[in-house]
Protein chains: 2
Amino acid sequence: MEKTCTPGIPDSAFIRGDVPMTKEEIRVLSVCKLHLDANSVVYDIGSGTGSVAVEIARLSPNIAVYAVEVADEGISLINQNAANFGCKNIHVVQSLAPAGLEDLPAPTHAFIGGTKGNLKEILAALRVKNPKIRIVGTAVTLETVAEMQNALKNLSVSDVDIVQVSVSRAEKVGSYHILKANNSVFIYSFTLSEAE
Amino acid sequence: MEKTCTPGIPDSAFIRGDVPMTKEEIRVLSVCKLHLDANSVVYDIGSGTGSVAVEIARLSPNIAVYAVEVADEGISLINQNAANFGCKNIHVVQSLAPAGLEDLPAPTHAFIGGTKGNLKEILAALRVKNPKIRIVGTAVTLETVAEMQNALKNLSVSDVDIVQVSVSRAEKVGSYHILKANNSVFIYSFTLSEAE
């Protein structure tokens, strides 16, 4: 795929297997809401297929992405997608976060796409690594919405932005187009502040 | 505002007056669906406040943006927002498109945020300037959806992507948050192909 200077790779360009993947529009909005700069150090936690890691890594060769994923299939997909897009700045870490984060360089930003119920522990670990980190997390289930709300109550944060995004995509059926709804997703974005 | 390497400036950072503005999430998705590169020449047609022009111009100093707008208030806002964000690569053109496009450099990309009912004529003019141009247009009204559908029937296009995006934003009310719905917007993205 041709190199562009923004995120926005179509979903079909990624190798997906059976692993759930954050869809194009949610991926684009999540990456942009991180407010990355050309030297960011980013954790992609629950990296899945690595699609978010790839979008971020392609923004600048000086960005470092640590794709943290526990499942074997995910690790294999991340490696394949990173290789397909020529992303040498993606570092794959097989671990169930927050385990495995201790030894990594301090992040400036983190995207949380999956937590396996460890959101609170992951946020605590991120705060130890960088008490001013910018975090974006998606919630597809109402249980994750509840986890996020509970976590935010106990954190000192700024630049909070919470949106629910519902996308329907026109799909061709014969010579007609129908609108096919994707699952609605909540995107939580916030920056940790030091006062706590 | 700090410089980031993606679009995603909050709405509140723009001077708006009474001119309607494409909201953050729609702006971000529209810019990313253009698939810009660092040397793109972009028309922003119906530029309004210039918010899309600013997002694009900040991606690279080598990008040239032509912000085309007919209203005096819009022209003033585009100039103010371009100056506030230090975008020297935004060229303001006061005209009712497609008038005013003849003398501009050929575009690689166009964003159509407003047409004043001239969509068909604008698309025809863009095709003359560049028969392989990438175009993204938003439709807030069902009349514009109809115009887009009619226009697409008569154009030879590739990489067509049509999505309806509905965003609700959490707003603080006392110590609670309520979800406030933005208007749902259709985003049309396509690339003209030469066969016609």
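Keep in mind it's a predicted model, so treat the numbers as computed, not measured.

Draft legend 1. Inspection of the overall build of chain A at higher detail. Looking only at helices and strands, chain A features five helices and eight strands. Ordered by position in the sequence, the α and β elements of chain A form the string α-β-α-β-α-β-β-α-β-α-β-β-β. Taken over the C-alpha trace, chain A has a radius of gyration of 16 Å; the compact-globule value for 196 residues is 16 Å, and the two agree within 12%. With the C-alpha coordinates aligned to their principal axes, the bounding extent of chain A is approximately 60 × 35 × 30 Å. When each of the 196 residues of chain A is scored for burial, the buried share is 55%. A separation of at least 24 residues holds for 69% of the contacts in chain A among residues at least 6 apart in sequence. Here chain A displays about 8500 Å² of accessible surface, and carbon together with sulfur accounts for 52% of that area. Taking the average location of the 17 positive side-chain charges in chain A and that of its 21 negative ones, the two points are 4 Å from each other.

Draft legend 2. Representation of the relation of the copies chain A and chain B. It takes a turn of 180° to lay chain A on chain B, together with a shift of 0.0 Å along the axis; the resulting RMSD is 0.0 Å. One copy is carried onto the other by what is essentially a two-fold rotation axis. No C-alpha of chain A lies nearer the rotation axis than that of Ser166(A), which sits 2.5 Å from it. Most of the interface of chain A is mirrored in chain B, where 100% of its interface residues are also at the interface.

Draft legend 3. Representation of the side chain of Asp11(A) within the structure. Residue placement: Asp11(A) occurs in the segment before α1 (24-33). At 3.0 Å, the side chain of Asp11(A) and the side chain of Arg27(A) are in polar contact.

Draft legend 4. Structural detail: the packing of aromatic side chains. Residues and elements named next belong to chain B. If you walk through the whole model with that rule in mind, you get four aromatic pairs over all chains. Taking the centre distance of 6.1 Å and the plane angle of 80° together, the rings of Tyr43 and Tyr66 count as edge-to-face. With a gap of 23 residues between them, Tyr43 in strand β1 (residues 41-45) and Tyr66 in strand β2 (residues 64-69) connect regions that are remote in the sequence. Owing to a relative accessible area of 12%, Tyr66 belongs among the buried residues under this scheme.

Draft legend 5. How the structure looks around the environment of Lys33(A). Along the chain, the position of Lys33(A) falls in helix α1. For Lys33(A), a relative accessible area of 2% puts it in the buried group. Through-space distance from the C-alpha of Lys33(A) to that of Gly137(A) is 9.9 Å; in sequence the pair is 104 residues apart. Setting aside residues up to four positions removed in sequence, Lys33(A) forms contacts with Arg134(A), Val136(A), Asp161(A), Val163(A), Ile187(A), Ser189(A), Glu24(B), Glu25(B) and Arg169(B).

Draft legend 6. Representation of the interface of chain A and chain B within the structure. Taken together, the 31 residues of chain A in the interface contact 31 residues of chain B. Of the roughly 2600 Å² buried where chain A meets chain B, counting both sides, 60% is carbon and sulfur surface. Across the chain A-chain B interface, the total number found is six salt bridges. Between Glu24(A) and Lys33(B) there is a salt bridge, and its shortest N-O distance comes to 3.0 Å. The interface formed by chain A and chain B holds 14 residue pairs in polar contact (both at pLDDT 80 or more) in total. Within the residue set of the side of chain A that touches chain B, elements represented by two or more residues are α1 and β6 (157-173) of chain A.

Draft legend 7. Structural view of the packing of α1(A) against helix α1 (residues 24-33) of chain B. At a minimum axis distance of 10 Å, the contact between α1(A) and α1(B) shows a crossing angle of 105°. On the basis of the axis angle, α1(A) is roughly perpendicular to α1(B). On the side of α1(A), the interface is formed by Glu24(A), Glu25(A), Val28(A), Leu29(A), Cys32(A) and Lys33(A), while α1(B) contributes Glu24(B), Glu25(B), Val28(B), Leu29(B), Cys32(B) and Lys33(B). A per-class count over the contact of α1(A) with α1(B) returns six nonpolar, no polar and six charged.

Draft legend 8. Representation of the side chain of Ser51(A). Residues and elements named next belong to chain A. Here Ser51 is to be found in helix α2 (residues 51-57). Judged by relative accessible area, which is 2%, Ser51 ranks as buried. Excluding residues that lie within four positions of it along the chain, Ser51 makes contacts with Phe14, Met21, Thr22 and Arg27.

Draft legend 9. Broad picture of the confidence of the model for chain A. Within chain A, residue pLDDT values average 95, and 98% of them lie at 70 or more. For this predicted complex, the interface confidence score (ipTM) comes to 0.96, while the overall pTM stands at 0.97.

Draft legend 10. Up close: the pattern of salt bridges. One pass over the full model with this rule turns up 14 salt bridges over all chains. Where Glu55(A) meets Arg27(A), a salt bridge forms, and the shortest distance between an N and an O atom there is 3.1 Å. Placement of the pair is Glu55(A) in helix α2 and Arg27(A) in helix α1, with a sequence separation of 28 residues. You can call Arg27(A) buried: its relative accessible area is 0%. For Asp161(B), the salt bridge goes to Arg169(A), with nearest N and O atoms at 2.3 Å. Of this pair, Asp161(B) sits in strand β6 (residues 157-173) while Arg169(A) sits in strand β6, on two different chains. Each member of the pair, Asp161(B) as well as Arg169(A), carries the same accessibility label: buried. One network of salt bridges, with partners in common, ties together Glu24(A), Glu25(A), Arg169(A), Lys33(B) and Asp161(B).

Scoring rules and cut-offs
- Residues numbered from 1 in each chain as written.
- Chains lettered and ligands numbered in written order.
- Predicted model: local features only at pLDDT ≥ 70, side-chain atom pairs only at ≥ 80, totals over all residues.
- Heavy atoms only, no water.
- Helix = DSSP H or I, 4+ residues; strand = E, 2+ residues; numbered from the N terminus.
- Rg over C-alpha atoms; globule rule 2.2 N^0.38 Å.
- Buried < 20%, exposed > 50% of the residue type's maximum accessible area, 1.4 Å probe, protein only.
- Contact = heavy atoms within 4.5 Å.
- Areas by Shrake-Rupley, 256 points an atom, 1.4 Å probe, with all protein chains shown as cover.
- Lys, Arg positive; Asp, Glu negative; His and termini not counted.
- Charge placed at Lys NZ, Arg CZ, Asp CG, Glu CD.
- Least-squares fit on C-alpha atoms with pLDDT ≥ 70 in both.
- Polar contact = N/O pair within 3.5 Å; in protein donor to acceptor, adjacent residues only side chain to side chain.
- Phe/Tyr/Trp six-rings, centres within 6.5 Å; stacked < 30°, edge-to-face > 60°.
- Buried area = accessible area lost by both parts, 1.4 Å probe.
- Salt bridge = Lys/Arg side-chain N within 4 Å of Asp/Glu carboxyl O.
- Axes fitted to C-alpha atoms, helices over the stretch in contact; angles between N-to-C directions.
- Parallel < 35°, antiparallel > 145°, perpendicular 65-115°, else oblique.
- Nonpolar A, V, L, I, M, F, W, Y, C, P; charged D, E, K, R; others polar.
- pLDDT = per-residue confidence, 0-100.

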